[in-house]
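Below are the chains, spelled out letter by letter.
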Protein chains: 2
Amino acid sequence: MNIRSNPDTTRPAVTTGLLPSSRKIFSTPDAAPDLRVPLREIILSEAAGEPNLPVYDTSGPYTDPSVTIDVNAGLSRNRLAWVKERGGVEEYAGREIKPEDNGNVGASHAAKAFTAHHKPIRGLDGHKITQLEFARAGIITKEMIYVAERENLGRKKQLERAEAALADGESFGAEVPAFITPEFVRSEIARGRAIIPSNINHAELEPMIIGRNFLTKINANIGNSAVTSSVEEEVDKMVWAIRWGADTVMDLSTGRNIHTTREWILRNSPVPIGTVPIYQALEKCEGDPVKLTWELYKDTLIEQCEQGVDYFTIHAGVRLPYIHLTANRVTGIVSRGGSIMAKWCLAHHKESFLYTHFDEICDLMRKYDVSFSLGDGLRPGSIADANDRAQFAELETLGELTKIAWDKGCQVMIEGPGHVPMHKIKINMDKQLKECGEAPFYTLGPLTTDIAPGYDHITSGIGAAMIGWFGCAMLCYVTPKEHLGLPDRNDVKTGVITYKIAAHASDLAKGHPAAQLRDDALSRARFDFRWTDQFNLGLDPDTAKSFHDETLPKEAHKVAHFCSMCGPKFCSMKITQDVRDYAATLNDPASVGMSVSGTIEDGMKQMSEKFKEMGSSVYLDAEKVKESNRVL
Amino acid sequence: MNIRSNPDTTRPAVTTGLLPSSRKIFSTPDAAPDLRVPLREIILSEAAGEPNLPVYDTSGPYTDPSVTIDVNAGLSRNRLAWVKERGGVEEYAGREIKPEDNGNVGASHAAKAFTAHHKPIRGLDGHKITQLEFARAGIITKEMIYVAERENLGRKKQLERAEAALADGESFGAEVPAFITPEFVRSEIARGRAIIPSNINHAELEPMIIGRNFLTKINANIGNSAVTSSVEEEVDKMVWAIRWGADTVMDLSTGRNIHTTREWILRNSPVPIGTVPIYQALEKCEGDPVKLTWELYKDTLIEQCEQGVDYFTIHAGVRLPYIHLTANRVTGIVSRGGSIMAKWCLAHHKESFLYTHFDEICDLMRKYDVSFSLGDGLRPGSIADANDRAQFAELETLGELTKIAWDKGCQVMIEGPGHVPMHKIKINMDKQLKECGEAPFYTLGPLTTDIAPGYDHITSGIGAAMIGWFGCAMLCYVTPKEHLGLPDRNDVKTGVITYKIAAHASDLAKGHPAAQLRDDALSRARFDFRWTDQFNLGLDPDTAKSFHDETLPKEAHKVAHFCSMCGPKFCSMKITQDVRDYAATLNDPASVGMSVSGTIEDGMKQMSEKFKEMGSSVYLDAEKVKESNRVL
């Protein structure tokens, strides 16, 4: 089941259908029986003799066979009721869409507008709106209950599976509990250590949480540029990214049709959508940073708040006094948002309007519960520039801004680098925790070397796994195309899978109590030669199966007790049963059918005879298999 | 220039020709002017305004335009003279090739024998033969001079480039000097901290060194199995692996034609070749481990010593008393060599003949200077089994065997795991250094999670980079096909590039004094929009260029000051020149043509006006570029 639905050119085709041998299941939290929290259950073969494995599921209704997907209509807006029932919000007409919202695109280049229109809602003065405000007031929202259930991966109560108790790890101060409760979620949000990015206008959202005491998350960047791509491709990429495990998606579109592209993405996205509003603001003043104004930027924020963007990257830490600190860098300022603001500051010789208007930005974002992702506009763009004064000066300012945003009731996470050699990664994490009061860290990679363009998913996957272990809450993926071009569909998948690996390796090393369940299930399948279970338990069953089938394509080989590495004649895995029998003789000779009157020494001698009898007859003949493959 | 020569089916076709914009150069050591140490010089564009960059070159004569490659004849055997001129060796008839050496293959399946035959040489009693013996005697061999020159990457004397002094890092006790001298090489070998795997019969060898105070090395595994592949493919894979940077190659062939395959590989390999002799010994007794004998194994060692294998994996640490320690593992014994020996020990209820005959093995290997790679037959095969008692009991025995081999005059390195979560990696490195007296460590990955079959180059690349940083001297690659099938040509390349990334990231983090030169050169090229230089400085210029060209294929775009990510309208890199001008005003208003009588404040205001004038006119128009691409 891997269907790209609707080959109708007027609307995006997206991939639907379950992953191989999977079932969409829903878990019902005790605290809110009306909620249905999605999980994917990986169905194991009967031979496994163990329960199916539930795993975290970011893919939304696209993998739910009971849902008919209509990209033109968008996903159902279930969350609107949750927001309305707690009150304190009003529906209103909303801002008119203006020609500049789509870069004054002419009719010939204009993308088709999204069909449905939903009136925006906003918070009323004097009412609690954000998850942070509710959390501080001791109120557990449905979003909190939802994410608590989701984080437990189908485990219904503390330590239901004995394995969970076995997880060890070095957490570097993170405190992941054995079982996540709604109250734990509330307390972490109240402390600012976690966020649920959830604009009240993003009613299609399946809430998720970002914080170092939860599962490590990953983000996938998509978005068209002035040079390539279309609305259809971007919606497809979003659906494709979440199919493989993206927890959030950032729409980094530039050029024309920005508003329309974002509307299509939001109305069809079950995951939080992040943006960098300055990109759109820049398009509204012909790409000239010098012409940017606070009013134009503010208007863009309102536009995006009303659409339902869940978090904004805001480069308010790029301050005038820091800009000269980048002058001697090898790669200067590489953040697009950072350089836009640097240019503005220099041209006007003024402090950044994002910094001087930060209070107003907070007030606006609070009304919609848009989370801050405080941007690292001065992040290093090369190994040479890592951890320099410009980078850390900005980080200190981000710490100052975090406290202001918290005081205003806003949820906050902090963006981090970038390009950092391995020995300089931990200081980034430690300094971020210290400066920013443990607000969640969200890093791009980091890339651990600059010498492999075309493979930067790997150079950065190394750094991402490490910083995730050290405490980074969300890892922004880097695709193989980084530095070379915009990612296509294949690149998106490669980037997502690479970052799922990094995030999971982090969870294992931190000692997340449920992380190793999947590793162990897969290892058991591998050891038992349950090939199909092994494929299905992996992050990418399709690729695993196709690699295996290149040399052993027959169905019969899916249960064969050998593989193409050693061939059928000898297999190391087979030895282990012998070892187990042997170990049993050391403990209890009777258990392997030997005379209890004999000594252990006798028992071992008998085993020795038995092994000799077995000889190589238990193995198939190599040439036969080779020939049978040739016939295909 | 990417030519697969000789499409003649009777002999292997291999890839020859230089990498893009490269030149094969040779460096002449002061201490031995007759030696020609190969380097690849990456030729930069004139616009770079900086010298070409010499890089380490593993590719051998295959990338030397002045050499005519004839795979039937093999490479020239220059090193034979070095060995003979220091004396103490004799040429002799050598062992006859027997039918069982090729698994009693019938005429219809037999691979074509290698044409030339070279009489083997061996050391004479009472003479120094191994690099360790020479080093201890204070004698610097040509091999030592050669590798010293090679490790300096074209730098002719200490700190010739100022950048080298800037390298920082956390070395965890490694002591990489600013410049490698032949005497330093000698002293490291004498201490057992480094090895030069260099069988005196591998006369085609371009020597290299493995030790934690040198560049981190990588190994690529090739080899046919009973189920797949042929001699031709394996020779091609070897040449392909070294083209992309493999420092050594292990031939792990099983099934038939083992002797012949190895002969073709050795005679055509400029890098050290490693094997696991027990694999061939097993084929000589119909794949039944129970029938293995010391005599049969010894005969196999002699066969391979005479052929010129540079290092042997010997699983002498799999002792009878340790085997039951694996009984409760999730994945038992996964090392093929380890499980062969475990089966033998159990069947005979005897201590391993590799352990009981270890002295004799040393005496034999010393005569040819074959290095030990003491195998980790009890390495973990899953996250669940990492760092268990079985694994560490074996490691302690490997420490004991290291001292015996050293006493016998043999060079030694130690193999390590395998599957290890991030938080358990460092203890592996620390324990290995302690137990094995700082003998070089050589690990497979380790894989940091088991949930991504099809992507194990990445799960393991993470662990490899980390253990390389901690002090591992050589990283054995893992390809995307690991656990699923034997690697093909593409997998070999992906594995090698991934591991070059890991090794280089390690060198950067350790503070290798020359490692960052390449990162910085590439970062400067990136910042200057020298696209072609950026591709060519990378590990895989072909892939980088093809990724870039997917969106911006025109030659004109190779010098364009923009890329497909932001498009031509706005580019963050462009801002930096503005920043530099601005910083100059802070220091010296006169330098940017402003009145020296004015204050700094005045200077900045003038700059401000200048920026406004520039406006967006310096940028090209996005739509024009987009249209021009469509025309193609």
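Residues numbered from 1 in each chain as written. Chains lettered and ligands numbered in written order. Predicted model: local features only at pLDDT ≥ 70, side-chain atom pairs only at ≥ 80, totals over all residues. Heavy atoms only, no water.

1. Thoughts on the overall build of chain A
Turning to step 1, where the next piece is worked out: Counting secondary structure elements, chain A contains 22 helices and 17 strands.
Turning to step 2, where the next piece is worked out: Counting every position in chain A, which comprises 632 residues, the buried fraction comes to 69%.
Turning to step 3, where the next piece is worked out: In chain A, once contacts between residues fewer than 6 apart in sequence are set aside, the share between residues at least 24 apart is 74%.
Turning to step 4, where the next piece is worked out: Counting every atom, chain A has about 19900 Å² of accessible surface; 52% of that belongs to carbon and sulfur. (Helix = DSSP H or I, 4+ residues; strand = E, 2+ residues; numbered from the N terminus. Buried < 20%, exposed > 50% of the residue type's maximum accessible area, 1.4 Å probe, protein only. Contact = heavy atoms within 4.5 Å. Areas by Shrake-Rupley, 256 points an atom, 1.4 Å probe, with all protein chains shown as cover.)

2. Some details on the sheet that holds strand S3 (residues 22-27) of chain B
Adjacent strands of a sheet form backbone hydrogen bonds with each other and so pair up, either parallel or antiparallel.
Residues and elements named next belong to chain B.
Turning to step 1, where the next piece is worked out: Read from one edge of the open sheet, three strands run S3-S4-S5, paired in antiparallel fashion. Sheet topology places S3 and strand S5 (53-56) at the edges, where each strand pairs with a single neighbour. If you compare each strand with its neighbour and ignore which way they point, the axes differ by 40° on average.
Turning to step 2, where the next piece is worked out: Relative to S5, strand S4 (residues 37-42) runs antiparallel, the two being bridged by four bridges. (Pairing = 2+ DSSP bridges. Axes fitted to C-alpha atoms, helices over the stretch in contact; angles between N-to-C directions.)

3. A word on helix H16 (residues 489-510) of chain A
Residues and elements named next belong to chain A.
Turning to step 1, where the next piece is worked out: For H16, spanning 22 residues, the distance from its first C-alpha to its last is 31 Å, which sits close to the expected 32 Å at 1.5 Å a residue.
Turning to step 2, where the next piece is worked out: For H16, the tally of buried residues reaches 19 of 22 residues, placing the bulk of the element in the interior.
Turning to step 3, where the next piece is worked out: Measuring from the backbone nitrogen of asparagine 490 back to the side-chain oxygen at the start of H16 gives 3.1 Å, which picks out aspartate 488 as the cap. (Expected span 1.5 Å × (residues − 1). Polar contact = N/O pair within 3.5 Å; in protein donor to acceptor, adjacent residues only side chain to side chain.)

4. Looking at the packing of aromatic side chains
Turning to step 1, where the next piece is worked out: For the structure on display, the rule yields 28 aromatic pairs over all chains.
Turning to step 2, where the next piece is worked out: For the ring pair phenylalanine 114 of chain A and tryptophan 264 of chain A, a centre distance of 5.0 Å and an interplane angle of 90° mean the geometry is edge-to-face. Of the two residues, phenylalanine 114 of chain A is situated in the loop between strand S6 (89-91) and strand S7 (121-123) and tryptophan 264 of chain A in helix H6 (residues 258-267); the sequence distance between them amounts to 150 residues.
Turning to step 3, where the next piece is worked out: What makes phenylalanine 114 of chain A buried here is its relative accessible area of 8%.
Turning to step 4, where the next piece is worked out: What makes tryptophan 264 of chain A buried here is its relative accessible area of 2%.
Turning to step 5, where the next piece is worked out: Grouped by ring-pair contacts, the aromatic residues Trp294, Tyr297, Trp344 and Phe353 of chain A constitute a single cluster.
Turning to step 6, where the next piece is worked out: Sitting above the plane of the phenylalanine 547 of chain B ring, lysine 481 of chain A keeps its charged end 5.1 Å from the centroid.
Turning to step 7, where the next piece is worked out: If you follow lysine 493 of chain B out to its NZ or CZ, it ends over the ring of tryptophan 244 of chain B, 4.0 Å from the centre. (Phe/Tyr/Trp six-rings, centres within 6.5 Å; stacked < 30°, edge-to-face > 60°. Lys NZ or Arg CZ within 6 Å of the ring centre and 35° of its normal.)

5. Some points on the UniProt feature "binding site: Zn(2+)" (unreviewed entry) in chain A
Turning to step 1, where the next piece is worked out: Per the UniProt record, "binding site: Zn(2+)" (unreviewed entry) is found at His419 and His483 of chain A. Taking the farthest pair of C-alpha atoms as the criterion, the annotated set spanning 65 residues converges on one region, since that pair is 12.2 Å apart.
Turning to step 2, where the next piece is worked out: Relative to the helices and strands, histidine 419 of chain A resides in the loop between strand S15 (412-416) and helix H14 (425-435).
Turning to step 3, where the next piece is worked out: With relative accessibility at 7%, the residue histidine 419 of chain A sits in the buried group.
Turning to step 4, where the next piece is worked out: Every residue in contact with histidine 419 of chain A, bar those within four places of it in the chain, is listed here: Pro380, Gly381, Ser382, Ile383, Ala386, Pro446, Leu447, Asp450 and His483 of chain A together with Arg526 of chain B.
Turning to step 5, where the next piece is worked out: There is a polar contact of 3.4 Å between the side chain of histidine 419 of chain A and the backbone oxygen of glycine 381 of chain A.
Turning to step 6, where the next piece is worked out: Within the secondary structure, histidine 483 of chain A sits in the loop between strand S17 (474-476) and H16.
Turning to step 7, where the next piece is worked out: By relative accessible area, histidine 483 of chain A is classed as buried at 14%. (UniProt positions renumbered as here; feature names shortened; annotations may be inferred.)

6. Focus on the sheet that holds strand S10 (residues 217-222) of chain A
Residues and elements named next belong to chain A.
Turning to step 1, where the next piece is worked out: With parallel pairing, the eight strands of this closed barrel are ordered in space as S10-S11-S12-S13-S14-S15-S16-S17. Shown here is a sheet whose adjacent strand axes are inclined to one another by a mean of 25°, direction ignored.
Turning to step 2, where the next piece is worked out: By the bridge criterion, three bridges tie strand S14 (residues 371-374) to S15 in an arrangement that is parallel. The partner of serine 373 across the bridge, within S15, is methionine 413.
Turning to step 3, where the next piece is worked out: This element, helix H5 (residues 231-244), spans S10 and strand S11 (248-251) of the sheet and lies at about 165° to S10.

7. A look at the nonpolar core
Turning to step 1, where the next piece is worked out: In this structure, Leu292, Tyr297, Ile314 and Phe372 of chain A together with Val185, Tyr297 and Phe372 of chain B are the most contacted members of the largest nonpolar core, which totals 307 residues.
Turning to step 2, where the next piece is worked out: If you look at the next biggest cluster of nonpolar residues, it comprises 13 residues, including Phe134, Met144, Ala148 and Ile189 of chain A. (Core = buried A, V, L, I, M, F, W, Y, C linked by side-chain atoms within 4.5 Å.)

8. A look at the environment of arginine 262 of chain A
Residue and element names in this part refer to chain A.
Turning to step 1, where the next piece is worked out: Positionally, arginine 262 belongs in helix H6.
Turning to step 2, where the next piece is worked out: In this structure arginine 262 comes out as buried when scored by relative accessible area, which is 2%.
Turning to step 3, where the next piece is worked out: In this structure the C-alpha to C-alpha distance between arginine 262 and proline 197, which are 65 residues apart in sequence, comes to 17 Å.
Turning to step 4, where the next piece is worked out: When residues no more than four places from it in sequence are discounted, the contact partners of arginine 262 are Asp251, Thr275, Gln280, Glu303, Gln304, Gln307 and Val309.

9. What about the side chain of serine 59 of chain A?
Residues and elements named next belong to chain A.
Turning to step 1, where the next piece is worked out: Mapped onto the secondary structure, serine 59 falls in the loop between strand S5 (53-56) and helix H1 (79-85).
Turning to step 2, where the next piece is worked out: Judged by its relative accessible area of 3%, serine 59 falls in the buried class.
Turning to step 3, where the next piece is worked out: Among the polar contacts listed, one links the side chain of serine 59 to the side chain of aspartate 57, at a separation of 2.6 Å.
Turning to step 4, where the next piece is worked out: Among the polar contacts made by the side chain of serine 59, one reaches the side chain of threonine 63 at a distance of 2.6 Å.
Turning to step 5, where the next piece is worked out: Discounting residues that sit within four places of it in the chain, serine 59 has contacts with Lys24, Ile242, Arg243 and Pro270.

10. With respect to the packing of helix H8 (residues 294-307) of chain A against helix H12 (residues 358-366) of chain A
Residues and elements named next belong to chain A.
Turning to step 1, where the next piece is worked out: One way to put it is that H8 packs onto H12 with a least axis distance of 10 Å and a crossing angle of 15°. On the basis of their axis angle, the class for H8 and H12 is roughly parallel. Where H8 crosses over H12, the two elements pack in a sense that is right-handed. Listed contacts from H12 to Trp294, Tyr297, Lys298, Leu301, Ile302 and Cys305 of H8 are Glu360, Ile361 and Leu364. (Parallel < 35°, antiparallel > 145°, perpendicular 65-115°, else oblique. Left-handed = near helix turned anticlockwise from the far one by under 90°.)

11. Here we look at the pattern of salt bridges
Turning to step 1, where the next piece is worked out: Throughout the structure, instances matching the rule amount to 98 salt bridges over all chains.
Turning to step 2, where the next piece is worked out: Among the ionic pairs, aspartate 430 of chain A bridges to lysine 426 of chain A, the shortest N-O distance being 3.1 Å. In this pair, aspartate 430 of chain A and lysine 426 of chain A both sit in helix H14, four residues apart, roughly one turn of the helix.
Turning to step 3, where the next piece is worked out: According to the relative accessible area criterion, lysine 426 of chain A is partly exposed, its value standing at 28%.
Turning to step 4, where the next piece is worked out: Between glutamate 50 of chain B and arginine 530 of chain B there is a salt bridge, with the nearest N and O atoms lying 3.7 Å from each other. Of this pair, glutamate 50 of chain B sits in the loop between S4 and S5 while arginine 530 of chain B sits in the loop between helix H17 (515-527) and helix H18 (531-537), placing them 480 residues apart in sequence.
Turning to step 5, where the next piece is worked out: Assessed through its relative accessible area of 8%, arginine 530 of chain B is described here as buried. (Salt bridge = Lys/Arg side-chain N within 4 Å of Asp/Glu carboxyl O.)

12. Quick word on the environment of aspartate 385 of chain A
Residues and elements named next belong to chain A.
Turning to step 1, where the next piece is worked out: Structurally, the position occupied by aspartate 385 is in the loop between S14 and helix H13 (389-407).
Turning to step 2, where the next piece is worked out: The class for aspartate 385 is buried, based on a relative accessible area of 4%.
Turning to step 3, where the next piece is worked out: When the C-alpha atoms of aspartate 385 and asparagine 328 are compared, they prove to be 9.2 Å apart, with 57 residues separating the residues in sequence.
Turning to step 4, where the next piece is worked out: Contacts of aspartate 385, omitting those with residues within four sequence positions, involve Arg329, Val330, Thr331, Gly332, Pro380 and Gln391.
Turning to step 5, where the next piece is worked out: At a separation of 3.0 Å, a polar atom in the side chain of aspartate 385 contacts the main-chain amide nitrogen of valine 330.

13. A word on the pairing of S4 of chain B
All names here are of chain B.
Turning to step 1, where the next piece is worked out: Taking burial as the measure, the six residues of S4 include six buried ones, the bulk of the element.
Turning to step 2, where the next piece is worked out: Burial of the side chains of S4 extends over both faces: Val37, Leu39 and Glu41 are buried on one face and Pro38, Arg40 and Ile42 on the other.
Turning to step 3, where the next piece is worked out: Summarising the sheet, S3 and S4 pair through six bridges and their orientation is antiparallel. What sits directly across from isoleucine 25, in S4, is leucine 39.

14. Digging into the confidence of the model for chain A
All names here are of chain A.
Turning to step 1, where the next piece is worked out: Mean pLDDT over chain A: 88, with 85% of residues reaching 70 or higher.
Turning to step 2, where the next piece is worked out: In the model, residues 589-604 has pLDDT below 50 throughout and makes 22 contacts with residues more than four positions away in sequence or in other chains.
Turning to step 3, where the next piece is worked out: Predicted confidence is poor over residues 610-632, with pLDDT under 50, and the contacts of this stretch with residues over four places away or in other chains come to 48 contacts.
Turning to step 4, where the next piece is worked out: As a predicted assembly, this complex carries a pTM of 0.92 together with an ipTM value of 0.92. (pLDDT = per-residue confidence, 0-100.)

15. Observations concerning H17 of chain B
Residues and elements named next belong to chain B.
Turning to step 1, where the next piece is worked out: Look at H17: 19 Å from first C-alpha to last across 13 residues, which is about the 18 Å you get at 1.5 Å a residue.
Turning to step 2, where the next piece is worked out: Taken as a whole, H17 has its buried residues at Ala515, Leu517, Arg518, Asp519, Asp520, Ala521, Leu522, Ser523, Ala525, Arg526 and Phe527.
Turning to step 3, where the next piece is worked out: The first or second residue beyond H17 is phenylalanine 529, which carries a positive phi of 60°.

16. Concerning the pairing of S11 of chain A
Residue and element names in this part refer to chain A.
Turning to step 1, where the next piece is worked out: Burial of the side chains of S11 extends over both faces: Thr248 and Met250 are buried on one face and Val249 and Asp251 on the other.
Turning to step 2, where the next piece is worked out: Summarising the sheet, S10 and S11 pair through four bridges and their orientation is parallel. By the bridge assignment for S11, alanine 220 is matched with valine 249.
Turning to step 3, where the next piece is worked out: Handedness of the crossover joining S11 and strand S12 (residues 273-275) through H6 is recorded here as right-handed. (Right-handed = clockwise from strand over helix to strand, strands pointing away.)

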